[in-house]
Amino acid sequence: MLGPVLRRLGPDRLDRTSRAPPAPLPDDRLRRGHSQAPRGTDRPSRRGRRGRGRVATTTPSDVPDVLAPGLDVVFCGINPGRVSAAARAHFANPRNDFWRLLHAAHFTSRLYDPSEQFELLKEGVGVTNAAYRATPGSGDLRRSDFAGSAERLERLAEELRPRWIGFVGKEAYRGAFGERPELGLQERTLGGTRLFVLPSTSPANAAVPWFDRLDRFFELAARVRGMPQRSGARAVVLDPAGRVLLVRFEDALGSWWATPGGGVDPGEGDAEALARELGEEVGLHAFELGPLLWTREHWHVDPRRFGGQRERHYLVRTEAFEVAPTFTDAELAAEGVHEARWFTVDELDTLLTGPRRLAQLVRDLLEHGPRAEPFDAGR
């Protein structure tokens, strides 16, 4: 039997039911995140006695596992860095974005400090590592550091039954299973536990923008919560000078630009939705809908509504016009829209856009015209 553990409690940040209060722990110091054991020694875990084929009771690391039965998701890092080892807390480097990404993607109801790591259990979230040895960087690990990692994760999944394990960095998954994964949902499962690979949140991965990392955290959050993607339609609006009309969004991803459009309501077709959306967002009312150019799937967790959007992007050619939305500024802001303006294709290169390669897509469209068949434009 697994020993007493800190169970989850509190109202869910995505409108789930409250959790049971925590059960007593055999060592209350771990519950508070304060361990008096000497550095480098084994520490009691929250998972009960050691037994054959069971999750180990000790963590041979300065950073204890944060685990309990029935969690929604367990995040698996690569290994503790020196800052985390000194703090005895996961992802403790202040330049590591892990805690900020958790909160931005609505895994947590507030922004937690690494010292509060056991409070994550209230939110249905746990944390472990693929390798326990602390190093200055993941590049200092040896293959032997991952010995038994796959088997330990299999036992974790069997005994504690988390719904998902999210690997924070490709190397965490590769270290455990010896395979190079792509980011996102994995075919492999551990019993009933699904696996998902996220970008590393380490400062060493700072070249990957916040926008792209949060997008993957959003996807996992939507999958964990079972939040549906809605159907959407957008218009690539071009004037005779080859300029494209974009709208600016301000949200958890930051400030970014996209083509106008939005969700397709039940019983509504794409043409009807675009007629409504283009009027509301930019004041374009009379236009001829051109061919379907490309599709795009992206994720953005809105706790009140949906987890993302499956979009179809159509060509609309029109004379240049002054943007005059029928929506008020307040109504647009409620939709996350804060500005609309025309751009030359060269100006697109300086913008953060969705899809990310919009500049190249528009450039190809202007030079070669629409492709014979629509295609996936990427995230």
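The preceding data block contains the structure.
The shown structure was predicted, so the numbers you read here are calculated from the model rather than taken from an experiment.

Here is what the cut-offs are and how they apply
Sequence positions are assigned chain by chain, starting from 1 and proceeding in written order. At least 70 in pLDDT is required for a residue's local features to be given in this predicted model, at least 80 for side-chain atom pairs to be given and counted, and no such filter applies to totals for whole chains, interfaces and linings, which use all residues. Heavy atoms throughout the structure, all of them, feed into the side-chain values; hydrogens and water do not. The secondary structure listing takes helices from DSSP runs of H or I that are at least 4 residues long and strands from runs of E that are at least 2 residues long, numbered from the N terminus. Using a 1.4 Å probe on the protein chains alone, a residue whose accessible area is under 20% of its type maximum counts as buried, one over 50% counts as exposed, and one in between counts as partly exposed. Note on contacts: a residue pair qualifies if any of its non-hydrogen atoms lie within 4.5 Å across the two residues. Only the protein chains shown count as cover for residues, with accessible areas throughout obtained via the Shrake-Rupley method and a probe of 1.4 Å. We define the nonpolar core as a collection of buried residues of types Ala, Val, Leu, Ile, Met, Phe, Trp, Tyr and Cys that are connected through side-chain atoms lying within 4.5 Å of one another. Criterion used throughout: strands pair if DSSP finds at least two bridges between them. Every axis corresponds to a line fitted to the C-alpha atoms, with the helix fit spanning only the stretch in contact, and the corresponding angles, defined between N-to-C directions, vary from 0 to 180 degrees. To pair, rings of Phe, Tyr and Trp, with the six-membered ring standing in for Trp, must have centres within 6.5 Å; the planes then decide the type, stacked if under 30 degrees apart, edge-to-face if over 60, and tilted in the middle. A side-chain nitrogen of Lys or Arg and a carboxyl oxygen of Asp or Glu constitute a salt bridge if their distance falls within 4 Å. For this analysis, a polar contact is any N or O atom pair within 3.5 Å, provided that within protein one partner can donate a hydrogen and the other can accept it, and provided that sequence-adjacent residues contribute only side-chain to side-chain pairs. To estimate the expected span of a helix, subtract one from its residue number and multiply by 1.5 Å.

Caption draft 1: Seen up close, the overall build of the chain. Along the backbone of the chain there are ten helices and 16 strands. When burial is assessed residue by residue, the chain has 52% of its 379 residues classed as buried. Long-range pairs, those at least 24 residues apart, make up 65% of the contacts in the chain with a sequence separation of at least 6. Carbon and sulfur atoms provide 49% of the accessible area of the chain, an area that totals close to 17,000 Å².

Caption draft 2: Quick look at the nonpolar core. Of all hydrophobic cores here, the largest spans 77 residues; its most connected members are Phe75, Phe107, Phe167, Phe177, Phe217 and Leu220. Take this core: its biggest share by element is eight residues, from helix 6 (residues 210–225). Residues within four places of Leu220 in sequence aside, it is in contact with Val73, Phe75, Phe107, Trp164, Gly166, Phe196 and Leu198. Core analysis: the next-biggest nonpolar cluster, separate from the first, contains 18 residues, Val244, Leu293, Leu348 and Phe375 among them.

Caption draft 3: Fine view of the pairing of strand 8 (residues 229–238). Extensive coverage of strand 8 is indicated by the burial of eight of its ten residues. Pairing geometry for strand 8 and strand 11 (residues 261–263), over three bridges, is antiparallel. Across the sheet, Gly232 pairs through a bridge with Gly263, a residue of strand 11.

Caption draft 4: Up close: helix 5 (residues 170–177). Buried residues of helix 5: Ala172, Tyr173, Gly175, Ala176 and Phe177, and no others. Backbone geometry just downstream of helix 5 places Gly178 in the positive-phi region, at approximately 70°.

Caption draft 5: Representation of the environment of Phe306. With respect to the element layout, Phe306 can be found in the loop between strand 12 (289–299) and strand 13 (308–317). By relative accessible area, which is 12% here, Phe306 ends up buried. With residues up to four places along the chain from it excluded, the contact list for Phe306 reads Met227, Pro228, Arg230, His300 and Val301.

Caption draft 6: Structural detail: the sheet that holds strand 7 (residues 193–198). Strand order in the open sheet formed by five strands is 4-3-5-7-6, with mixed pairing between adjacent strands. Two strands lie at the open edges of the sheet, namely strand 4 (125–129) and strand 6 (184–190), each paired on one side alone. Strand-to-strand twist in this sheet, taken as the mean axis angle between neighbours without regard to direction, amounts to 25°. Contacts from helix 5 reach strand 3 (73–77), strand 5 (164–168), strand 6 and strand 7 within the one sheet, and its direction differs from that of strand 7 by about 130°. Helix-sheet contacts for helix 6 involve strand 3, strand 5, strand 6 and strand 7, and the interaxial angle to strand 7 is about 165°.

Caption draft 7: Structural view of the packing of aromatic side chains. Following the criterion strictly, the structure yields 13 aromatic pairs and no others. Aromatic pair Phe75 and Phe98: ring centres 5.5 Å apart, planes at 80°, arrangement edge-to-face. Separated by 23 residues along the polypeptide, Phe75 in strand 3 and Phe98 in helix 3 (residues 98–104) bring together distant segments of the chain. On the basis of relative accessibility, which here comes to 0%, the residue Phe98 falls in the buried class. A centroid spacing of 4.9 Å and a plane angle of 20° characterise the contact between Phe249 and Trp256, whose relative ring orientation is stacked.

Caption draft 8: Local environment of the pattern of salt bridges. For the structure on display, the rule yields 26 salt bridges. Close ionic contact of Arg213 with Asp97 constitutes a salt bridge, the shortest N to O distance being 2.8 Å. Here the residue Arg213 occupies a position in helix 6, and Asp97 occupies one in the loop between helix 2 (82–87) and helix 3, the gap between them amounting to 116 residues. A salt bridge links Asp239 to Arg243, with the nearest nitrogen and oxygen atoms 2.7 Å apart. Judged by relative accessible area, which is 5%, Asp239 ranks as buried. Look at Arg243 and you get partly exposed, because its relative accessible area is 28%. Each of Asp215, Arg216, Glu219, Arg223 and Arg379 takes part in one network of salt bridges that share partners.

Caption draft 9: Quick peek at unusual backbone geometry. In this structure, the amide linkage connecting Gly354 to the following residue, Pro355, adopts the cis form with an omega of 0°. For Pro355, the position within the fold is in the loop between strand 15 (353–354) and helix 10 (358–368). The residue Phe91 is not glycine, and still its phi comes out positive at about 50°. Residue placement: Phe91 occurs in the loop between helix 2 and helix 3.

Caption draft 10: How the structure looks around the side chain of Asp239. Structurally, Asp239 is set in the loop between strand 8 and strand 9 (244–251). Reaching out from Asp239, the side chain makes a polar contact with the backbone nitrogen of Ala241 at a distance of 3.0 Å. Ignoring any residue separated from it by four or fewer positions in sequence, one finds Asp239 in contact with Thr318, Glu319, Ala320 and Trp342.

Caption draft 11: Summary view of the side chain of Thr353. Examined against the element boundaries, Thr353 turns out to sit in strand 15. Within the local environment of Thr353, its side chain forms a polar contact with the backbone oxygen of Pro355, the two atoms lying 2.8 Å apart. Sequence-distant contacts of Thr353, that is, excluding residues within four places in its chain, are made with Phe211, Trp256, Trp257 and Leu358.

Caption draft 12: Spatial organisation of the environment of Gly137. Within the fold, Gly137 resides in the loop between strand 4 and helix 4 (149–160). Placed 65 residues apart in sequence, Gly137 and Ser202 show a C-alpha to C-alpha distance of 9.4 Å.

Caption draft 13: Representation of helix 7 (residues 270–282) within the structure. End to end, helix 7 covers 17 Å across 13 residues, agreeing with the expected 18 Å (1.5 Å per residue, within 8%). Those residues of helix 7 that fall on the buried side of the exposure criterion are Asp270, Ala273, Leu274, Glu277, Leu278, Gly279, Glu280, Glu281 and Val282. Gly283 sits one or two positions beyond helix 7 and adopts a positive phi of about 80°.

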